[in-house]
Amino acid sequence: DFSSWKGELSALASGILYSFYTLLSKRSRQQINNWNFGIGIYFVCSVCFLITTLVRQTALTGYSDLAWLAMIGTIIFPTLLGHSLFTYLMNSLNINWMSCGKLLEPTFSTIIAFFVFKEVISLNTVAAFACTFVAVVFLFFKLEIKSYSHIRVLLRNK
């Protein structure tokens, strides 16, 4: 049944598009300052959002004050500050490490949802986040074993 694979295919497409975005952003940021880059990116995203709402016939008005506050909060904090900081740091930090760090975002979001919104976290979710955490740790660190008594954990250079 194809409908059961929609989520998996969406996640794969999202990962591929994010990789393109990151690599193209890194190349662009070498030639464009962060302010102009951000204005360009957010303008394109705004146009895509408007087209999507028009095609899906989604209402752009009639939302409660709390809904508008939530949307503004989502725009300011994770979008403007988070992505702007991410693209600003592209010129000075290792892009691979930054991308690996993004893998931990869902874990932090889930923890915040647990405490703030009293969301229930399933055992499968905890197991998935634990595996992701261990995988990211292995990407950042390596074990050097010379003997049973000489085991070191080293930060990877590249």
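Coordinates for the structure precede this section.
Per-chain numbering applies: the sequence of each chain, read as written, is numbered from 1 onward. Residues qualify for local features only when their pLDDT is at least 70, as the model is predicted, and side-chain atom pairs are given and counted only at 80 or more; totals for whole chains, interfaces and linings, by contrast, use all residues. Hydrogens and water molecules were not included; the side-chain quantities draw on all heavy atoms of the structure.

Engineer: Account for the pairing of strand β1 (residues 141–147), naming residues and giving values.
Structural biologist: Here a strand pair is declared whenever DSSP counts at least two bridges between the two strands. Helix and strand assignments follow DSSP, with helices taken as H or I runs no shorter than four residues and strands as E runs no shorter than two, numbered in order from the N terminus. In this structure, β1 lies alongside strand β2 (residues 150–155), joined through six bridges in antiparallel fashion. Following the sheet pairing, Ser-147 is matched in β2 by His-150. Between β1 and β2, which pair antiparallel one after the other, the connecting turn spans two residues.

Engineer: Outline unusual backbone geometry, listing residues and values.
Structural biologist: Despite not being glycine, Gln-57 shows a phi value in the positive range, around 55°. Tracing the backbone shows Gln-57 in the loop between α2 (34–55) and α3 (65–89). Relative accessibility decides the category of a residue: with a 1.4 Å probe and only protein chains considered, values under 20% of the type maximum give buried, values over 50% give exposed, and everything between is partly exposed. Judged by relative accessible area, Gln-57 falls into the exposed class, the value being 72%.

Engineer: Lay out empty space enclosed by the protein in plain terms, naming residues and giving numbers.
Structural biologist: Space inside and on the surface of the protein is sampled on a 1 Å grid over the protein atoms alone, with a cavity defined as a set of points where a 1.4 Å probe fits but cannot get out and a pocket as an open set with protein on both sides within 12 Å along at least 5 of 7 lines; lining residues have an atom within 4 Å of a point. Grid points are joined across faces, edges and corners, and a volume is the space filled by probe spheres set on the points. Applying the stated rule across the entire model yields one cavity of 30 Å³ or more. The computed volume of the largest cavity comes to approximately 30 Å³. Lining the largest cavity are Tyr-21, Phe-37, Gly-38, Ile-41, Tyr-42, His-83, Ser-84 and Thr-87. Looking at the lining of the largest cavity, the elements that each hand over two or more residues are α2 and α3. Tallying contributions element by element places α2 first for the lining of the largest cavity, with four residues. By residue class, the composition of the lining of the largest cavity is four nonpolar, four polar and no charged. Side-chain classes are defined by residue name, with Ala, Val, Leu, Ile, Met, Phe, Trp, Tyr, Cys and Pro counting as nonpolar, Asp, Glu, Lys and Arg as charged, and the others, Gly among them, as polar.

Engineer: Mind laying out the layout of surface pockets, listing which residues take part and the relevant values?
Structural biologist: Of the voids in this model, the largest pocket is the one considered here, and its volume is about 610 Å³. As for the largest pocket, its lining consists of 20 residues, and the residues nearest its centre are Cys-45, Ser-46, Phe-49, Ile-75 and Thr-79. Elements supplying a minimum of two residues to the lining of the largest pocket: α2 and α3. Broken down by element, the residue count for the lining of the largest pocket peaks at eight residues, all from α2. Classifying every residue of the lining of the largest pocket by side-chain character gives 14 nonpolar, six polar and no charged.

Engineer: Go over the side chain of Thr-53 with me, naming the residues and quoting the values.
Structural biologist: With respect to the element layout, Thr-53 can be found in helix α2. Those residues in contact with Thr-53 that lie beyond four places of it in its chain are Thr-58 and Leu-60. Note on contacts: a residue pair qualifies if any of its non-hydrogen atoms lie within 4.5 Å across the two residues.

Engineer: I'd like a description of the packing of aromatic side chains, backed by residues and values.
Structural biologist: Only Phe, Tyr and Trp rings take part, Trp by its six-membered ring, and two of them pair if their centres are within 6.5 Å. Stacked means planes under 30 degrees apart, edge-to-face means over 60, and tilted covers everything else. Across all of its chains, the model carries four aromatic pairs by this definition. Aromatic pair Tyr-63 and Trp-68: ring centres 5.9 Å apart, planes at 85°, arrangement edge-to-face. The exposure class of Tyr-63 is partly exposed, given its relative accessible area of 37%. An aromatic cluster is built from Tyr-18, Tyr-21 and Phe-86, whose rings are joined through pairwise contacts.

Structural measurements only, silent on function.
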